[in-house]
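One letter stands for each residue in the lines below.
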Number of protein chains: 4
Amino acid sequence: MNALPKINLRPEFLITRASHVVLHVTDLDASQAFWADTLGFIVTRRESDSLYLRGLGETAHHSLVLQKSQQVGCARIGFRVYMDQDLDLLATHLKEMGVGTDWIDVPYQGRTLRTTDRVGTPLEFCASMDVVERFADKYSKYHGAAVQRFDHMQILTPEVINTAQFYGSLGFRLSEYIADDVTDEMLFAFMQRKGNPHDLAIVTNNEPKLHHFGMLVSEVRDLFMAADVAASNGFGSNVEYGPERHFGPSNAPFLYLRDPDGHRVELFTDHYQAMDLEVPPVRWDRSSVVGLGGWGTEPPESWNVEASGYVDDL
Amino acid sequence: MNALPKINLRPEFLITRASHVVLHVTDLDASQAFWADTLGFIVTRRESDSLYLRGLGETAHHSLVLQKSQQVGCARIGFRVYMDQDLDLLATHLKEMGVGTDWIDVPYQGRTLRTTDRVGTPLEFCASMDVVERFADKYSKYHGAAVQRFDHMQILTPEVINTAQFYGSLGFRLSEYIADDVTDEMLFAFMQRKGNPHDLAIVTNNEPKLHHFGMLVSEVRDLFMAADVAASNGFGSNVEYGPERHFGPSNAPFLYLRDPDGHRVELFTDHYQAMDLEVPPVRWDRSSVVGLGGWGTEPPESWNVEASGYVDDL
Amino acid sequence: MNALPKINLRPEFLITRASHVVLHVTDLDASQAFWADTLGFIVTRRESDSLYLRGLGETAHHSLVLQKSQQVGCARIGFRVYMDQDLDLLATHLKEMGVGTDWIDVPYQGRTLRTTDRVGTPLEFCASMDVVERFADKYSKYHGAAVQRFDHMQILTPEVINTAQFYGSLGFRLSEYIADDVTDEMLFAFMQRKGNPHDLAIVTNNEPKLHHFGMLVSEVRDLFMAADVAASNGFGSNVEYGPERHFGPSNAPFLYLRDPDGHRVELFTDHYQAMDLEVPPVRWDRSSVVGLGGWGTEPPESWNVEASGYVDDL
Amino acid sequence: MNALPKINLRPEFLITRASHVVLHVTDLDASQAFWADTLGFIVTRRESDSLYLRGLGETAHHSLVLQKSQQVGCARIGFRVYMDQDLDLLATHLKEMGVGTDWIDVPYQGRTLRTTDRVGTPLEFCASMDVVERFADKYSKYHGAAVQRFDHMQILTPEVINTAQFYGSLGFRLSEYIADDVTDEMLFAFMQRKGNPHDLAIVTNNEPKLHHFGMLVSEVRDLFMAADVAASNGFGSNVEYGPERHFGPSNAPFLYLRDPDGHRVELFTDHYQAMDLEVPPVRWDRSSVVGLGGWGTEPPESWNVEASGYVDDL
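The following paragraphs examine the structure supplied in this document. (Residues numbered from 1 in each chain as written. Chains lettered and ligands numbered in written order. Predicted model: local features only at pLDDT ≥ 70, side-chain atom pairs only at ≥ 80, totals over all residues. Heavy atoms only, no water.)

### Some words on the overall build of chain A
In terms of helices and strands, chain A carries six helices and 17 strands. Against the globule reference of 20 Å for 314 residues, chain A gives a C-alpha radius of gyration of 18 Å, in line with a compact fold. The contacts in chain A between residues at least 6 apart in sequence include a share of 69% that link residues at least 24 apart. Put simply, chain A shows about 10,300 Å² of open surface, and 47% of that area lies on carbon and sulfur atoms. Distance between charge centroids for chain A: 5 Å, based on 27 positive and 44 negative side chains. (Helix = DSSP H or I, 4+ residues; strand = E, 2+ residues; numbered from the N terminus. Rg over C-alpha atoms; globule rule 2.2 N^0.38 Å. Contact = heavy atoms within 4.5 Å. Areas by Shrake-Rupley, 256 points an atom, 1.4 Å probe, with all protein chains shown as cover. Lys, Arg positive; Asp, Glu negative; His and termini not counted. Charge placed at Lys NZ, Arg CZ, Asp CG, Glu CD.)

Encoded structure:
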């Protein structure tokens, strides 16, 4: 492979983790029935046009924000930085790269920096959110898939290597990637900040979109229970793919579901730790992964071709 | 539905449970790698041309007998009766029905009665086997799918209702069935003796065959582990269908695998109890089951059309 | 061992399984918070002075009946017979043994035969109950321990061998027992009808009582979830013993809890099959079981000395 | 609380995670039977006097090193730094603090810095180890508890607050602590670098020792399987405490075992994420934790009073 993205291994600012997504949906009641009643998200707050949700193990005010809108799509994907000062350092860095930034007011978040990556993915960064109660030990609140916490996003881009280069300049490290066996072209780049396989998966596509975001559940059986409760609640056809195992990158058992507006979420367990710098990025040949290498079925066509487009902020 | 099989609710003889199958295979080493090393069967005994296997929780000498042969197939499916005297009562009953029987010598089993059902399914009945150690509490022997015990068989027949009638005359009760929405024709009959949904599933097909036999595992995760260990041991493509859940009959999480000769096994968890006589057989319309009613994928074509033919005893 | 109870291996009547218990409690709201909200029982019906509960996998109207009363205790333990005619055959048998019987009216049950065993344990037998919906596949109803079905009772008696003899005459088979190493006195007798290790455990004690009844859950994690939800719902101190594993008889992972009135329930998974007649009863020496033989802690004193006394019917 | 340790939130050097321990044992065969055969550690390398072990999900050469010695004890506990240059920056920092350091040669590790904390806990830091194959997806290697990876250590110290101050100066952040209700004295300090509740737990004791190290397993059932396989392999009495749940700090299901020389390991699942700086350290009153607050038994006396003393390097 002659073209791995260059990683800024010691940036002056620290991005700590993938944090949240903001999605536009058409019907908050339907959304709540899916995300809260079925997948087990906790409703931190419901307002007239917004629904703020978090996992059982989260103390941040929200990891999923749903906004009522005529136009379905993803408005922003969010990352956390370590300290407030990291926002300024990051802003300076982005300006030096020629990337435009804005400071925006976002409810229940600290100072928030808004920007886009090279292909237009809408990003926001903040150092803090309002702190709410962690419900990990409130077992009477466990139901459905009992989602624990936000883990990662998978974005689509027409320029995988250039996009990976952008995130590499922000300190994201490459843990794994899938390349074309013959051309060596990078097709999937898995990049991480928090020490597990990815905070951000970057995947080739003709236009930039959000493919899915990933939520951690505790056990394989939660994947089954998610699908079962979905079926019981009338969301059986929203179960898109799995429960199966990712062969190749991440190795995780997974289940993909679509919400009432078509937004996709991955539930998964058991990511490995990816911290030590002496471990080189793992390369997977496309041929070894497409054939699945293990067991299970190919993803349905919808998984390959459908994703959430980006929309303007309300 | 105007044609449920008549059940002999109080037969003079007692059949207690589905017990074992005898399969012909081409390579005992390959079979052992699959059944013992991968699925976790215990090898009770290996002889030059035979392999006797059992689950961790079984005290009977064998629930799966593999015999080396040029011709792959199923030689017999086996049931247990309560006492030795039940064999004689059963033999008399079969003769009265005009069904031929033989007494055969089978190693490690008590006196064994050989017969066939109306469509030629080769059956054997015995009251006892050699008793071996139950390994349920020998956790160092747990590996792979850690199969616990034999549960049921699914046979194919060109005459579902007549075949069900035959087993009904032996005291098998109908717990569930699938019928054509329009014609009311019975397509799947699930019949039981031991108080869970089925010891014997009877399914429509143009010729009689053994579709699969079912082994109980403890937890949903064992289904995943079965597939994972299969993949690690080179049997990834032998994982045929699942892990998913049966919507409609049985409601069980399942995984189907094929052995190196194509014989099919179902691993499953969690059958419900089916003992009380006031509960009528559950009817499922074909349309509600074919569309799955819940979540998951349709079975692959192989699951619909491939099965083990019957072969003569060695 | 010179004194195993004699078993009536082919009784003219058929008892099929342990079925239900009737308990007197002081506060139905508190009971419902424990049994339904915490353990996951389904409320079939609540009346002014009675609460009828069942597990998710049950079609019988009730497996646990709670009646409001000043006096806490167990009013009856219940078994199912195969057919209505078995009740008459059983009544005749009991009369021939010199045991008194009554026919009683019990709501939501078929004709019910009331009697006591040799030491005064209040028993009832019926052939049917009202049929209600099985909720095994209604996953939105799963919560807490998600109990699936009634399995067994453990009764205390001053005369283990004589009591076992009584049940043996009714066709209960001895699957396992614990005996004094030196005197051979039988201390625990595990007897079964439905083909798993026990429908009825009979244990030595200076007076007759109900020690606990057992409910099946699906997976080991349900035992943890039961304790966790109990703690979240204010019932942390009601978790009495476990999750641990029974070494010796049954081999099952278990959790014991006490309800608000002190009645004890065992949640467990994974009983083995006990059907084949060639397998002799398993003897465990008291010394091997008391020392636990495996891992875990001794039961707390309460588990050894507390139990539900029997009370008169309301 | 007036005395929280001061944390160096932006140290010039980066310690990334707790990494490994070096223990002296008397019999490598017995150790291997316990750690590899029972808990499922992978043997990376066995030499005449040393055994190098790792979890299934680890690419580092070792997370547990056992050295044959007459004197049982812990020789060193190890942490990873981000890059080789961090070792020099750390060394400078320690010297400025007046703490002695040494550079030592350790097989299969990069350059290694040796030091002690304020109370004499023997520490080592390295930036890299030899890279070996990750076996997370080699399911045929899963057995016993199937330990996945090293997570944390718990050390004992006569001076909790001063010890926590030392690690705070190295950038360890305080996630949770237990304090005396009345005196506010800090009794347990849970400090972390990698974003879960702790890399290092610091606990009050009259002399410095290693209480245990913690290994992550995937599911609650692995805790049961660990205890079960331990019992099957003759290590039943080595199961010290659990499976239960930690109420208060970490909230994790756990199982503690002792190896043949008395060294203690904790198996656990499901730590929450602890990354966001706006979340203050969680204080638990001793009274709320000692009484357990949830369910389960108090730790056995051995857990409270026994631990591994420190020994000189061989």
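### Observations regarding the relation of the copies chain D and chain A
When chain D is fitted to chain A, the residual RMSD is 0.0 Å, and the transformation amounts to a turn of 180° plus an axial shift of 0.0 Å. In symmetry terms, the pair is related by a two-fold rotation axis. Taking the C-alpha atom as reference, chain D places D:Glu219 closest to the rotation axis, 3.0 Å from it. When the interface residues of chain D are mapped onto chain A, 100% of them again lie at the interface, so the same face is used by both copies. (Least-squares fit on C-alpha atoms with pLDDT ≥ 70 in both.)

### Quick word on helix H2 (residues 84-96) of chain D
Residues and elements named next belong to chain D. Compared with the 18 Å implied by 1.5 Å per residue over 13 residues, the 19 Å span of H2 between its first and last C-alpha is a close match. Of the surrounding secondary structure, the elements contacted by the buried residues of H2 are strand E5 (73-81), strand E6 (101-104), strand E7 (112-116), strand E8 (122-126) and helix H3 (160-169). Gly98 lies just past H2 and shows a positive phi near 80°. (Expected span 1.5 Å × (residues − 1).)

### Some points on helix H2 (residues 84-97) of chain B
All names here are of chain B. Here H2 is 14 residues long and its end C-alpha atoms lie 21 Å apart, about the 20 Å a rise of 1.5 Å per residue gives. Those residues of H2 lying buried are Asp86, Leu87, Leu90, Ala91, His93 and Leu94. End-on view of H2: buried residues confined to an arc of 165°, all on one side of the axis. Facing away from the buried surface of H2 by more than 90 degrees, the exposed residues are Lys95 and Glu96. (Buried < 20%, exposed > 50% of the residue type's maximum accessible area, 1.4 Å probe, protein only. Arc of directions from axis to C-beta.)

### Remarks on the packing of helix H4 (residues 220-232) of chain A against helix H4 (residues 220-232) of chain B
Packing of H4(A) against H4(B) brings their axes to within 8 Å, and their N-to-C directions diverge by 110°. Classified by the interaxial angle, the pair formed by H4(A) and H4(B) is roughly perpendicular. Pair H4(A) / H4(B) crosses with right-handed handedness. Residues A:Val220, A:Arg221 and A:Phe224 of H4(A) form the contact with H4(B), whose participating residues are B:Val220, B:Arg221 and B:Phe224. A breakdown of the residues in the contact of H4(A) with H4(B) according to their chemical character gives four nonpolar, no polar and two charged. (Axes fitted to C-alpha atoms, helices over the stretch in contact; angles between N-to-C directions. Parallel < 35°, antiparallel > 145°, perpendicular 65-115°, else oblique. Left-handed = near helix turned anticlockwise from the far one by under 90°. Nonpolar A, V, L, I, M, F, W, Y, C, P; charged D, E, K, R; others polar.)

### Concerning the interface of chain A and chain C
Accessible area lost upon the coming together of the parts is a frequently used measure of interface size. Between chain A and chain C, the residue contacts involve 14 residues of the former and 14 residues of the latter. Interface area, chain A with chain C, both sides summed: about 1,100 Å², of which 53% is carbon and sulfur. Among the residues chain A hides against chain C, the three largest losses belong to A:Tyr139, A:Arg221 and A:Ser232. Together they make up 49% of the total. At the junction of chain A with chain C, the criterion picks out four salt bridges. A salt bridge links C:Arg221 to A:Glu219; the nearest nitrogen and oxygen atoms lie 3.9 Å apart. Put simply, chain A and chain C have six residue pairs in polar contact (both at pLDDT 80 or more) between them. Taken together, the residues of the side of chain A that touches chain C sort by class into four nonpolar, four polar and six charged. (Buried area = accessible area lost by both parts, 1.4 Å probe. Salt bridge = Lys/Arg side-chain N within 4 Å of Asp/Glu carboxyl O. Polar contact = N/O pair within 3.5 Å; in protein donor to acceptor, adjacent residues only side chain to side chain.)

### Examining the interface of chain D and chain A
At the junction of the two partners, chain D supplies 39 residues and chain A supplies 39 residues. Carbon and sulfur atoms supply 46% of the area that chain D and chain A bury against each other, a total of about 3,500 Å² over both sides. Of all residues in chain D, D:Arg10, D:Tyr82 and D:Gln273 bury the most surface against chain A, accounting for 20% of the area lost on that side. Run the count over chain D and chain A and you get eight salt bridges. Mapped onto the side of chain D that touches chain A, the elements with two or more residues apiece are strand E1 (15-25) and H2 of chain D. If one sorts the elements of the side of chain D that touches chain A by residue count, H2(D) sits on top with three residues. Split by residue class, the side of chain D that touches chain A holds 17 nonpolar, seven polar and 15 charged.

### Remarks on the environment of D:Phe213
All names here are of chain D. With respect to the helices and strands, Phe213 occurs in strand E13 (residues 209-216). The exposure class assigned to Phe213 is buried, which follows from its relative accessible area of 0%. On a C-alpha basis, the gap between Phe213 and Asp199 in space is 9.5 Å, while along the polypeptide they are 14 residues apart. Setting aside chain neighbours within four positions, we find Phe213 in contact with Val21, Leu23, Trp35, Phe41, Leu64, Phe150, His152, Met153, Arg264, Val265 and Glu266.

### A few points about the sheet that holds strand E14 (residues 239-245) of chain C
Hydrogen bonds along the backbone pair up the strands of a sheet, which may run parallel or antiparallel. All names here are of chain C. Read across the sheet, nine strands follow the order E14-E15-E16-E13-E9-E12-E11-E10-E17 without closing on themselves; strand pairing throughout is mixed. Taken across any chain shown, the strands that pair with only one partner, and hence form the sheet edges, are E14 and strand E17 (282-285). Within the sheet, the average angular offset between the axes of one strand and its neighbour, ignoring direction, is 20°. The strands that helix H4 (residues 220-232) touches are E14, strand E15 (253-258) and strand E16 (264-268); relative to E15, the one it contacts most, it runs at about 20°. (Pairing = 2+ DSSP bridges.)

### Here's the deal with the pattern of salt bridges
Applying the stated criterion to the full structure yields 100 salt bridges over all chains. Residue D:Glu278 pairs with A:Arg80 through a salt bridge whose shortest N-O separation is 2.4 Å. Placement of the pair is D:Glu278 in the loop between strand E16 (264-268) and strand E17 (282-285) and A:Arg80 in strand E5 (residues 73-81), with the two residues belonging to separate chains. An identical accessibility class is assigned to D:Glu278 and A:Arg80; each is buried. With a closest N to O distance of 3.0 Å, D:Asp285 and D:Arg283 form a salt bridge. Bridged by salt links that share partners, the residues A:Arg17, A:Arg80, D:Asp276 and D:Glu278 form one connected network.

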